[in-house]
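Descriptive structure summary
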Amino acid sequence: MAGIQELLDELRGLPSGSPRTAHELTETVGRIKSAAGRWSDVLDDVRRWSAAHAGPRAAAALEIAFRKAEECFVELEIAHQDLELTEDGP
């Protein structure tokens, strides 16, 4: 799946270690948010396919995993927006 390879490439591109400045934190959270969006897209594709091809428990588990991935993306979006506002100052 191309989506998985793109996600892996994006994750490999993340800096190792903790951010040292507020700007680095903002950039890192933005990149993590992007990766979370890709992960959500991958799970969405698998979830849609599983609806017709997997058993009901697997389909339900994939639905829950997709929803959690979407929630994660939304929380990262909130954090990223707040960090950008903080970085820009009042």
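Residues numbered from 1 in each chain as written. Predicted model: local features only at pLDDT ≥ 70, side-chain atom pairs only at ≥ 80, totals over all residues. Heavy atoms only, no water.

**Describing the confidence of the model for the protein**
The predicted coordinates should not be examined in detail at positions where pLDDT is low. Counted only if it meets this: Per-residue confidence from the predictor is reported as pLDDT, a score between 0 and 100. Secondary structure follows DSSP: runs of H or I at least 4 residues long count as helices, runs of E at least 2 residues long count as strands, and numbering of each begins at the N terminus.
Averaged over every residue, the pLDDT of the protein is 91; residues scoring 70 or more account for 96%. At the low end of the mean pLDDT range in the protein sits helix α1 (residues 2–12), at 85; at the high end sits helix α3 (residues 56–88), at 95.

**Things to note about a negative patch on the surface**
Convention followed: Residues form patches when they are more than 30% accessible in relative terms and have no salt bridge. Like charges link within 9 Å. Nonpolar side chains (Val, Leu, Ile, Met, Phe, Trp, Tyr) link within 5 Å. All accessible areas in this document rest on Shrake-Rupley with a 1.4 Å probe, and a residue is counted as covered only by the protein chains that are shown. Between Lys or Arg on one side and Asp or Glu on the other, a salt bridge is scored when a side-chain nitrogen of the former is within 4 Å of a carboxyl oxygen of the latter. The charge count treats Lys and Arg as positive and Asp and Glu as negative. His and the chain ends do not count. Note on charges: their place is set at NZ of Lys, CZ of Arg, CG of Asp or CD of Glu. Each residue is placed in one exposure class: buried if its accessible area under a 1.4 Å probe, protein chains only, is under 20% of its type's maximum, exposed if it is over 50%, and partly exposed if it falls in between.
Residues E27, E84, E87 and D88 make up a contiguous surface patch of negative charge. No other element matches the 3 residues that α3 contributes to the negative patch. Its place among the elements puts E84 in helix α3. E84 gets classed as partly exposed once you look at its relative accessible area, which sits at 34%.

**Overview of α3**
Selection criterion: The span expected for a helix works out to 1.5 Å for each residue beyond the first.
Between its first and last C-alpha atoms α3 spans 48 Å; for 33 residues at 1.5 Å apiece the expected length is 48 Å, and the two agree. Burial in α3 covers these residues: A59, F66, A69, L76, H80 and L83.

**Let's talk about the packing of aromatic side chains**
Threshold: Working definition: a ring pair exists when centres of Phe, Tyr or Trp rings (six-membered ring for Trp) sit within 6.5 Å. Plane angles under 30 degrees give stacked, over 60 give edge-to-face, the rest tilted. Definition used: whenever NZ (Lys) or CZ (Arg) falls within 6 Å of the ring centre and also within 35 degrees of the ring normal, the charge is taken to sit over that ring.
Applying the stated criterion across every chain, the model contains 0 aromatic pairs. Directly above the aromatic system of F66 lies the positively charged group of R47, at a separation of 4.4 Å from the ring centroid.

**A closer look at the packing of helix α2 (residues 22–53) against α3**
Heads up, the rule is: Between N-to-C directions, angles cover 0 to 180 degrees, with each direction set by a line fitted to C-alpha atoms, over the stretch in contact for helices. By the definition adopted for this analysis, an angle is roughly parallel if under 35 degrees, roughly antiparallel if over 145, roughly perpendicular if from 65 to 115, and oblique otherwise. Left-handed describes a crossing whose near helix is turned anticlockwise from the far helix by less than a right angle; the clockwise case is right-handed. Residues are grouped as follows: Ala, Val, Leu, Ile, Met, Phe, Trp, Tyr, Cys and Pro are nonpolar; Asp, Glu, Lys and Arg are charged; every other residue, Gly included, is polar.
For the pair α2 and α3, the least separation of the axes is 8 Å and the interaxial angle reads 160 degrees. The orientation of α2 relative to α3 falls into the category roughly antiparallel. Viewed along their axes, α2 and α3 form a crossing whose handedness is left-handed. Looking at side-chain class alone, the contact of α2 with α3 contains 17 nonpolar, 7 polar and 8 charged residues.

**What about the environment of L25?**
Its location among the elements puts L25 in helix α2. Accessibility expressed as a relative area gives 34% for L25, which makes it partly exposed.

**As for the environment of T86**
Topologically, T86 is positioned in helix α3. Residue T86 is classed as exposed on the basis of its relative accessible area, which comes to 57%. Taking the C-alpha atoms as reference points, T86 and H23, separated by 63 residues in sequence, lie 9.8 Å from one another.

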